[in-house]
Each structure stands twice: as structure tokens, then as C-alpha cells.
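# Tertiary structure, described
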Amino acid sequence: MTVSSPAPLDTLTLEAEDERQMMAQAGHHTPRRGRLIVFTGPSGVGKGTLLRSLRHRYPALKLSVSATTRSPRPGEVDGQDYFFISRDAFEAMVEQGELLEWAEFAGNLYGTPKASVRQDIEAGHWVILEIELEGARQVRHTFPDAMQLFVMPPSLEELESRIRLRGKDADDAIERRLQRALVEIDAASEFDEQIVNDDLEVALQHLEGAIFKD
Ligand code: ADP
Ligand code: 5GP
């Protein structure tokens, strides 16, 4: 497949009154501009769990829904967890420049639809991209102002145990995720902050502090 680099969003400048009020109620400063936050870390470290809790506390935060060629796991809903699409459809999105970033991970393609992120940012929202390392690197290039956060496991043993206990991936998919985890953890220092997800509440507080600082 031929790939061109993702085009930048046009602007990060519009206001959103509801978002400012929400942040003000939470005792944080009141943002006037949309913002992009990249959230990366090995599969099974707890990114989804942390983001669910964060959005429960701050419902106005937007979580971008990615497109993927992976099959849905039990319980996953199309359009909510991911847009589950064919490889042909994914490649057409790449060709048409519809993805902000994309990457192959453990044999499947994953990418961020550009249009919805652009709309949310232009409306002044804070948008979180939960994406793997290669995608995070692309966003670092196209959006140097985006905040980049990395979630670390307390240990590799605990990471493996979480992936297995989640019980939703086949053995070969688990192996590929664990091998990729070593590469991702090695790159953790590229990110603005590293958040260790040992105790969930402690990690959540670290995450809140990182997102709402200054
Ligand atoms: P990711 O989105 O990074 O792939 P998940 O959020 O699906 O990871 O979490 C993987 C598994 O680890 C889930 O079963 C989840 O309940 C569990 N988990 C997440 N955070 C913690 C934690 N702090 N302590 C123990 N288990 C956790
Ligand atoms: P999973 O199959 O476990 O849902 O996701 C596998 C990996 O793909 C995770 O590290 C997840 O963060 C990443 N991912 C999900 N959506 C995207 C995306 O749009 N772009 C990129 N680059 N990675 C993604």
C-alpha cells in the first residue's frame, strides 16, 4: 500500500463553553482551546480501564474511535470501541488521506479517522487518542504540541498476567502483544510522562495531574 504522511488539522483555536465549565467545576484551569492528548502503552497495561475511569469523572473529554481491521472481541461494539472494517476499506481510507495516523500492530491495521478529531478540536474539546507507538510517533511529528503520555506496567510478569486474565485474545495474539510490549516499553522515555499503572487509583491521579497541569 502506498502511504502519504497524515495532513495536519487546521486549527486548535476554538472555544467550548461546556468544557471550560466542566474543568472549572473540577477545580482546574479553564481551557479555551481544543487539545490533542496521545495515550500509549503496551496492550493489556490498562489504558482502556484508565480512560473509562477518567471519562467517568470528566465526561466532556472526547475519546477518538479508531478504525481497525482486527475482528471484534466478545462484547466490543462497532462504532463505539472501534470501526471494524476490512483491509480493503482501511487501505482506501489511507489512499484518500482520511487518517490522521495509522500503523500495523500484531498483524492488524489501526488508524485514527481525521474528520471527527478535527471537528472535536475545532469545537474546543480535549481529544484523547489511545494509540500504539508508531502512531504516537507520527502524531509527534504532525502535532508537536500534543501531550504524549505513556502507561507502564509494574512488571512484565504483571502485564502478561493482565493480558491473559482479560481472556479475550488468542494465544498467538497474546505472544505478539508481549513481544511488541518490549519495544514499546523501551521507547517510554520519548513521551512527556510515564504513568505506572500498578494501583489503579494512584495511576488515575497521576493521569489527571498530567492532563490538567498548567
Ligand atoms: P489495554 O486497554 O491497555 O489493552 P485493559 O484496560 O483492557 O488494557 O486492561 C487489561 C486488563 O488489566 C483488564 O482485565 C483490566 O481489568 C486489568 N487492569 C487494568 N488496570 C489494572 C490495575 N491497575 N491492576 C490490576 N488489573 C488491572
Ligand atoms: P487492541 O487490539 O488491543 O485493541 O489494540 C492494539 C494496539 O493498537 C493498542 O496498543 C492500541 O493502543 C493501538 N491502537 C488502537 N487504535 C489505534 C489507532 O487508531 N492508531 C494506532 N496507531 N494504534 C491504535
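Residues numbered from 1 in each chain as written. Chains lettered and ligands numbered in written order. Predicted model: local features only at pLDDT ≥ 70, side-chain atom pairs only at ≥ 80, totals over all residues. Heavy atoms only, no water.

### Thoughts on helix 7 (residues 171–186)
In a regular helix each residue adds 1.5 Å, so 16 residues correspond to 22 Å; helix 7 covers 23 Å between its end C-alpha atoms and thus fits that length. Taken as a whole, helix 7 has its buried residues at Ala173, Ile174, Arg177, Leu178, Ala181 and Glu184. Among the structural elements, strand 5 (99–105), strand 6 (108–113), helix 5 (133–142), strand 8 (147–152) and helix 6 (156–166) are those in contact with the buried residues of helix 7. (Helix = DSSP H or I, 4+ residues; strand = E, 2+ residues; numbered from the N terminus. Expected span 1.5 Å × (residues − 1). Buried < 20%, exposed > 50% of the residue type's maximum accessible area, 1.4 Å probe, protein only. Contact = heavy atoms within 4.5 Å.)

### A short note on the site of ligand 1
Around ligand 1, a shell composed of 13 residues is seen, among which Gly44, Lys47, Thr49, Arg166 and Asp198 lie nearest. Measuring from an oxygen atom of ligand 1, one finds a backbone N or O atom of Val45 at 3.4 Å. Residue Asn197 places a side-chain N or O atom 2.8 Å away from a nitrogen atom belonging to ligand 1. Considering ligand 1 on its own, with 570 Å² of exposed area, one finds that the protein chains cover 72% of that surface. At the level of secondary structure, the elements contributing two or more residues to the shell around ligand 1 comprise helix 2 (47–57) and helix 6. Top contributing element to the shell around ligand 1 by residue count: helix 2, with three residues. Of the residues belonging to the shell around ligand 1, the class tally is three nonpolar, six polar and four charged. (Near = heavy atom within 4 Å. Polar contact = N/O pair within 3.5 Å; in protein donor to acceptor, adjacent residues only side chain to side chain. Areas by Shrake-Rupley, 256 points an atom, 1.4 Å probe, with all protein chains shown as cover. Nonpolar A, V, L, I, M, F, W, Y, C, P; charged D, E, K, R; others polar.)

### Examining the site of ligand 2
In the region of ligand 2, 17 residues are neighbours, and Arg70, Tyr82, Tyr110, Glu130 and Arg177 sit closest. A distance of 2.6 Å is found between an oxygen atom of ligand 2 and a side-chain nitrogen or oxygen belonging to Ser66. Within the side chain of Glu101, an N or O atom sits 2.7 Å from a nitrogen atom of ligand 2. The fraction of the free accessible surface of ligand 2 (510 Å²) that becomes covered by protein chains is 96%.

### Description of unusual backbone geometry
Here the phi dihedral of Ala106 falls at roughly 50°; this positive angle occurs in a residue that is not glycine. Relative to the elements of secondary structure, Ala106 occurs in the loop between strand 5 and strand 6.

### Things to note about the nonpolar core
Counting residues in each nonpolar core, the largest one holds 25 residues, and the members touching the most others are Phe39, Leu54, Leu149, Leu207 and Ile211. Contributions of two or more residues to this core are made by strand 1 (35–40), helix 2, strand 7 (126–130), strand 8, helix 6, helix 7 and helix 8 (200–212). In terms of residue count, the dominant contributor to this core is helix 8 (six residues). Not counting chain neighbours up to four residues away, the residues in contact with Leu54 comprise Leu61, Ile128, Leu204, Leu207, Glu208 and Ile211. Ranked by size, the runner-up nonpolar core spans 17 residues in total, among them Leu129, Ile131, Ala136 and Val139. (Core = buried A, V, L, I, M, F, W, Y, C linked by side-chain atoms within 4.5 Å.)

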